[in-house]
Amino acid sequence: MEKMISVQGLSKVYASGNIALDKVDLEINKGEILALLGPNGAGKTTLISMICGLVNPSAGRVSVDGYDILTDYRAARRLIGLVPQEVALEPFEKVINTVQFSRGLFGFAPDKSYIEAVLKKLSLWDKRDTPIRELSGGMKRRVLIAKALSHEPRVLFLDEPTAGVDVELRKDMWRIVEELKADGVTIVLTTHYIEEAEALADRVGVISHGRILLVENKDQLMHQMGTKELTIHLQQSVDKLPEALAGYALRLAPDKQSVIYSYDTKAERTGITGLLADLSSAGFLLRDLQTSQSSLEDIFVDLVKD
Amino acid sequence: MNLHAVKAIYFFEMARTFRTLLQSIISPVISTALYFIVFGSAIGSRMVAIDGVSYGAFIVPGLIMLTVLMQSVTNASFGIYFPKFIGTIYEPLSAPVSYLEMLVGYVGAAATKSMIIGLIILATSFLFVPLQIAHPVWMVAFLALTCVSFSLLGFIIGICARNFEQLNLVPALIITPLVFLGGSFYSISMLPPFWQTATLFNPVVYLVSGFRWAFFDTADVAVTYSLMAIALFSLLFVAVISVIFKTGYRLKP
Ligand SMILES: Nc1ncnc2c1ncn2[C@@H]1O[C@H](COP(=O)(O)OP(=O)(O)O)[C@@H](O)[C@H]1O
Ligand SMILES: [Mg+2]
């Protein structure tokens, strides 16, 4: 898998002494969608801001498509589009002018038809001559995205793109992300909505207190999520399970009074009926049963709790 | 060299200027007219000619300088402070743009605006006093250099200012006194010897003197000194700005 972004030992200590990012290592593949999931204050914006050149790193290095973000900043930044978390736009400027401005800023020659396509994609074409201050909040977010796409970026950072936006814009945003992915654009989005990570991401990174706790294939996480555990409490303690039960891959709990069975809720047969029958024919008496499910939410909550 | 970016910043800033051009022009033109009425006609009629130039004409270069300096500092400081204030500065800072390119865009736009205003005031002056310009090319050159060097200073002020009060205070506290003590309305040679020496540390003296030389062919300090002084100030300002960008002072946390 080719790397698009490589982050090595990246740290940020703000002037206040606040350690916002603590020796983060992260590799992002070309063409993938990575969702950075983390609570407020986890360091998501700080991480993105450093890659984009808005915050000075305290330590560590970052390269984008092989270009170092400090020594080769021109080549690195030309590839990057950023949709910031906070809406910041020139209030008196017209929509189309501010989008054309962005394209020029990134060193690209004017291209009317490309800008038109971007504005149409974001349902902004009818509003192109409207001064930004007359737009609704959702429309302003669309303008931010249009600006980020104005220079045909190969990497797109979306910092909490759907925080507080209406359903329609959220759906549009997801559609645009899918289209960009189809074009081979690498996308990094931060969010604290688990559903968003589930809907869009190829991989999910969980970040908390300035550290990346896990970066995992989403399907793998989903699989873990689809797994349930059945705990069977027995009336007697067992030292060793009989051979007859080997096919169930049972685990013996440390108290030796219960066995744990993992099964896939999405599978056609869970195997529970057979297991219970086999247990009783092996002479075990059952005291209680208990099931538990691990969701991405659980994994997430588990990871980020202090 | 990212020429597209320089053009983008320059024209974006000029568009801001043209949206408010009428306001930007009316106020300096009115105040200049008032100066002419008060100093030129009312007081000037009782003043002797300085270096063979009627007082009304003598103050024209100083008046233009006064407005152009204030405009340069105000335009340039506001031009960079505003994007910082509303947050849009994130874009040029994350773009493949060097600080020199940013500088050319922002400072170039601010300097152009003050240049336009300076020329409009010059045109207004012709309505009040008879004027000839001895070295027209040098006149324009001095005007342009002044616009650029004080727009550079304004850019520094705009980056360093923490709020709108500071943004307004610095020009009022520093620029206005420098201009009034810089020989805008009198010849340095009219001052007592101590103050003649003291004023040589005032950058505005060199600007006004050089500018006045371009009009009347008489100067308080030699023209070459004026040119050297402007070049020196500009270099100093650029050096300060390069340090600001290298460290990210007040731009990047
Ligand atoms: N400019 C700054 N100066 C000082 N501390 C900051 C600054 N920006 C963010 N922080 C702090 O750094 C930490 C991470 O913030 P941030 O990256 O914005 O988190 P997230 O985007 O995940 O919500 C927080 O504790 C925040 O208060
Ligand atoms: Mg954030």
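Heads up: the structure comes first, above all this text.
Remember, predicted model here, so these are calculated numbers, not experimental data.

A.B. asks: Please explain the overall build of chain B as it appears in this structure.
C.D. replies: Counting its regular elements, chain B contains 10 helices and 0 strands. Secondary structure elements in chain B, listed N-terminal to C-terminal, are α-α-α-α-α-α-α-α-α-α. Scaling as 2.2 N^0.38, a compact globule of 253 residues should have a C-alpha radius of gyration of about 18 Å, and chain B matches this with 19 Å. Within chain B, buried positions represent 53% of all 253 residues. Put simply, 80% of the contacts in chain B that link residues at least 6 apart link residues at least 24 apart. Per element, the accessible surface of chain B, about 11000 Å² overall, is 74% carbon and sulfur.

A.B. asks: What exactly am I supposed to notice about helix α2 (residues 21-43) of chain B here?
C.D. replies: Residues three or four positions apart in an α-helix share a direction because the helix packs 3.6 residues into each turn. Residues and elements named next belong to chain B. With 23 residues, α2 ought to run about 33 Å at 1.5 Å a step, and its terminal C-alpha atoms sit 32 Å apart, in line with that. Along its length, α2 reaches its greatest deviation from straightness, about 25 degrees, at F36. Taken together, the buried positions of α2 are S24, I25, P28, T32, A33, F36 and G40.

A.B. asks: Is there a simple way to think about the packing of aromatic side chains in this case?
C.D. replies: Each aromatic ring pair is specified by the distance between its two centres and by the angle formed by the two planes. Inspection of the entire model under this criterion finds 18 aromatic pairs over all chains. Between W138 of chain B and F142 of chain B the ring centres are 6.3 Å apart and the planes differ by 45 degrees, which places this aromatic pair in the tilted class. Highlighted residues: W138 of chain B and F142 of chain B, both in helix α6 (residues 136-160), separated by 4 residues, approximately one helical turn. Relative accessible area serves as the criterion here: at 1%, F142 of chain B is assigned to the buried category. Among the aromatic residues, those joined into a cluster by ring pairs are Y99, Y106, F155 and F245 of chain B. The residue whose ring lies beneath R78 of chain A is F108 of chain A, and the NZ or CZ to ring-centre distance is 4.5 Å. The lysine or arginine in question, R212 of chain B, covers the ring of F58 of chain B, its NZ or CZ lying 3.8 Å from the ring centre.

A.B. asks: Whenever I open this one, the sheet that holds strand β5 (residues 67-68) of chain A confuses me. Can you help?
C.D. replies: Residues and elements named next belong to chain A. Across the sheet, which stays open at both edges, the 4 strands sit in the order β2-β1-β4-β5 with antiparallel pairing between neighbours. Looking at the sheet topology across the chains shown, the edges are occupied by β2 (19-29) and β5. The pairing of strand β1 (residues 3-13) with strand β4 (residues 59-64) spans 5 bridges and is antiparallel. When the bridges of β4 are listed, I5 appears paired with V64. Taken strand by strand, helix α1 (residues 44-52) contacts β1, β2 and β4, and its axis lies near 115 degrees from that of β1.

A.B. asks: Which parts of the structure should I look at to understand the coordination of the magnesium ion (ligand 2)?
C.D. replies: Reference geometry at the metal: tetrahedral coordination by four donors gives ideal angles of 109.5 degrees; octahedral coordination by six donors gives 90 or 180 degrees. Every protein donor of the magnesium ion (ligand 2) is accounted for by T45 of chain A (OG1) and Q85 of chain A (OE1), and the metal-donor separations fall at 1.9 to 2.1 Å. Linking T45 of chain A in helix α1 with Q85 of chain A in the loop between β6 (80-83) and α3 (95-105), this pair joins segments that are 40 residues apart in sequence.

A.B. asks: Mind showing me how you'd approach the sheet that holds strand β3 (residues 33-37) of chain A here?
C.D. replies: Two orientations exist for strands paired in a sheet by backbone hydrogen bonds: parallel and antiparallel. All names here are of chain A. Pairing in this open sheet of 6 strands is mixed, and the strands run β6-β7-β8-β3-β9-β10 from one edge to the other. Each end of this open sheet is capped by a strand with a single partner; those strands are β6 and β10 (211-217). The sheet shows a mean angle of 15 degrees between the axes of neighbouring strands, taken without regard to direction. In this sheet, strand β8 (residues 186-191) lies alongside strand β7 (residues 155-159) in parallel orientation, the contact comprising 5 bridges. Bridge pairing in β8 places F157 opposite V188. α1 contacts β3, β6, β7, β8 and β9 (203-208) of the sheet and is inclined by roughly 150 degrees relative to β7. Strands in contact with helix α6 (residues 167-182) are β3, β7 and β8; relative to β8, the strand with the most contacts, it is inclined by about 150 degrees.

A.B. asks: Would you mind going over the pattern of salt bridges with me for this structure?
C.D. replies: As a working rule, side chains carrying opposite charge can pair if their charged atoms are close by. All names here are of chain A. In this structure the tally under the stated criterion is 21 salt bridges over all chains. In this structure, K181 engages D202 in a salt bridge whose closest nitrogen and oxygen atoms are separated by 2.9 Å. Pair noted here: K181 is in helix α6 and D202 is in the loop between α7 (194-200) and β9, with a separation of 21 residues, a long-range link. The exposure class assigned to D202 is partly exposed, which follows from its relative accessible area of 26%. Where K256 meets D239, a salt bridge forms, and the shortest distance between an N and an O atom there is 3.9 Å. Here D239 lies in the loop between β11 (227-234) and β12 (251-252) and K256 lies in the loop between β12 and β13 (258-264), a separation of 17 residues in the sequence.

A.B. asks: I tried to follow a nonpolar patch on the surface on my own but got confused; where do I start?
C.D. replies: All names here are of chain B. Residues L22, I26, I30, L34, I37, V38, I43, M47, L127 and F128 make up a contiguous nonpolar surface patch of roughly 950 Å² in combined accessible area. When contributions to the nonpolar patch are tallied by element, the ones reaching two or more residues are α2 and α5 (99-128). A per-element tally of the nonpolar patch places α2 first, with 7 residues. Examined against the element boundaries, V38 turns out to sit in helix α2. Judged by relative accessible area, V38 falls into the partly exposed class, the value being 41%.

A.B. asks: Whenever I open this one, the packing of α2 of chain B against helix α3 (residues 55-86) of chain B confuses me. Can you help?
C.D. replies: The description of two packed helices rests on the angle between their axes and on the distance between the axes. Residue and element names in this part refer to chain B. Packing of α2 against α3 brings their axes to within 10 Å, and their N-to-C directions diverge by 150 degrees. On the basis of the axis angle, α2 is roughly antiparallel to α3. Seen from above, α2 lies across α3 with right-handed handedness. Contact residues: α2 offers S24, P28, T32, Y35, F36, F39 and G40, while α3 offers Y55, G56, I59, V60, L63, L66, T67 and Q71. Taken together, the residues that form the contact of α2 with α3 break down as 9 nonpolar, 6 polar and no charged.

Parameters at a glance
- Residues numbered from 1 in each chain as written.
- Chains lettered and ligands numbered in written order.
- Predicted model: local features only at pLDDT ≥ 70, side-chain atom pairs only at ≥ 80, totals over all residues.
- Heavy atoms only, no water.
- Helix = DSSP H or I, 4+ residues; strand = E, 2+ residues; numbered from the N terminus.
- Rg over C-alpha atoms; globule rule 2.2 N^0.38 Å.
- Buried < 20%, exposed > 50% of the residue type's maximum accessible area, 1.4 Å probe, protein only.
- Contact = heavy atoms within 4.5 Å.
- Areas by Shrake-Rupley, 256 points an atom, 1.4 Å probe, with all protein chains shown as cover.
- Expected span 1.5 Å × (residues − 1).
- Bend = angle between axes of the 7 residues up to and from the residue.
- Phe/Tyr/Trp six-rings, centres within 6.5 Å; stacked < 30°, edge-to-face > 60°.
- Lys NZ or Arg CZ within 6 Å of the ring centre and 35° of its normal.
- Pairing = 2+ DSSP bridges.
- Axes fitted to C-alpha atoms, helices over the stretch in contact; angles between N-to-C directions.
- Donors = N, O, S within 2.8 Å, 3.2 Å for Na, K, Ca; no water.
- Salt bridge = Lys/Arg side-chain N within 4 Å of Asp/Glu carboxyl O.
- Patch = residues over 30% accessible without salt bridge, like charges linked within 9 Å, V, L, I, M, F, W, Y side chains within 5 Å.
- Parallel < 35°, antiparallel > 145°, perpendicular 65-115°, else oblique.
- Left-handed = near helix turned anticlockwise from the far one by under 90°.
- Nonpolar A, V, L, I, M, F, W, Y, C, P; charged D, E, K, R; others polar.

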